[in-house]
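One-letter residues, chain by chain:
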Amino acid sequence: VSTLPTLSSTEPLRIAVSGAPATAKGMFLVALANQPGAVLAEGPLLLAADHAQALPVLTNSSGLARVELGHAGAVRERFCGLTLAVQYACVVDGAVIASPGLRLQTGH
């Protein structure tokens, strides 16, 4: 989605995953896409956990989880005009399950 036009919005940035294991404890990893060392080249995790903000979530019975960034105006302004890398990950039966990485451009 980084090639799509960006639009201004006063709404929070919402990130969601569907198709994850039901009622799984997981996390969204969010990092600046151009931060050195943030994006990994191989393995199920495409974002380096030590270079990302980990936002814990719990999927519902349908395997859906979401997180909202930027509720308050000051916080929302910090996310304006950034290129972010986002990935959902959880551990089920000792195995790491991760979504594809997403690169997105926030509006100004």
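Cut-off values and rules
Residues numbered from 1 in each chain as written. Predicted model: local features only at pLDDT ≥ 70, side-chain atom pairs only at ≥ 80, totals over all residues. Heavy atoms only, no water. Helix = DSSP H or I, 4+ residues; strand = E, 2+ residues; numbered from the N terminus. Buried < 20%, exposed > 50% of the residue type's maximum accessible area, 1.4 Å probe, protein only. Phe/Tyr/Trp six-rings, centres within 6.5 Å; stacked < 30°, edge-to-face > 60°. Salt bridge = Lys/Arg side-chain N within 4 Å of Asp/Glu carboxyl O. Pairing = 2+ DSSP bridges. Core = buried A, V, L, I, M, F, W, Y, C linked by side-chain atoms within 4.5 Å. Contact = heavy atoms within 4.5 Å.

Undergrad: I'd like a rundown of unusual backbone geometry, residues and numbers included.
TA: Working note: non-glycine residues mostly have negative phi, and peptide bonds are mostly trans. Positive phi values are uncommon outside glycine, yet Thr23 reaches one of about 50°. The topology assignment puts Thr23 in the loop between β1 (13-17) and β2 (25-32). Judged by its relative accessible area of 55%, Thr23 is exposed. Even without glycine at this site, Asp93 takes up a positive phi of about 50°. Overall, the relative accessible area of 80% leaves Asp93 in the exposed class.

Undergrad: Report on the packing of aromatic side chains, specifying residues and quantitative values.
TA: Within the structure shown, the criterion is met by 1 aromatic pair. Consider the rings of Phe28 and Tyr88, whose centres lie 5.5 Å apart with planes at 65°: the pair is edge-to-face. Highlighted residues: Phe28 in strand β2 and Tyr88 in strand β5 (residues 83-92), separated in sequence by 60 residues. For the pair shown, Phe28 and Tyr88 are each scored as buried.

Undergrad: Can you lay out the pattern of salt bridges for me, pointing to particular residues and giving the numbers?
TA: Under the counting rule described, the total for this entry stands at 2 salt bridges. Between Glu68 and Arg14 there is a salt bridge, with the nearest N and O atoms lying 2.8 Å from each other. Of this pair, Glu68 sits in strand β4 (residues 65-69) while Arg14 sits in strand β1, and the two are 54 residues apart along the sequence. Overall, Glu68 belongs to the partly exposed group, its relative accessible area being 22%. Where Glu68 meets Arg66, a salt bridge forms, and the shortest distance between an N and an O atom there is 3.4 Å. What you see here is one network of salt bridges that share partners, running through Arg14, Arg66 and Glu68.

Undergrad: Summarise the pairing of β2; cite the residues concerned and give the values.
TA: Within a regular beta strand, the side chains point alternately toward one face of the sheet and then the other, so they alternate between its two faces. Across 6 bridges, β2 lies against strand β3 (residues 53-58) in antiparallel orientation. Among the inter-strand pairings, Met27 is bridged to a residue of β3, identified as Pro56. Alignment of β2 against β5, held across 7 bridges, turns out to be antiparallel. The residue bridging Phe28 from the neighbouring strand is Tyr88, located in β5.

Undergrad: Would you mind going over the nonpolar core in detail, with residue names and values included?
TA: With 16 residues, the main nonpolar core has Ile15, Phe28, Val86 and Tyr88 as its most contacted residues. Those elements that provide at least two residues to this core are β1, β2, β3, β4 and β5. Setting aside its immediate chain neighbours within four residues, Tyr88 contacts Val17, Ala20, Ala24, Gly26, Met27, Phe28, Val57, Thr59, Ile97, Ala98 and Ser99.

These results come straight from atomic positions and should not be treated as a statement about function.
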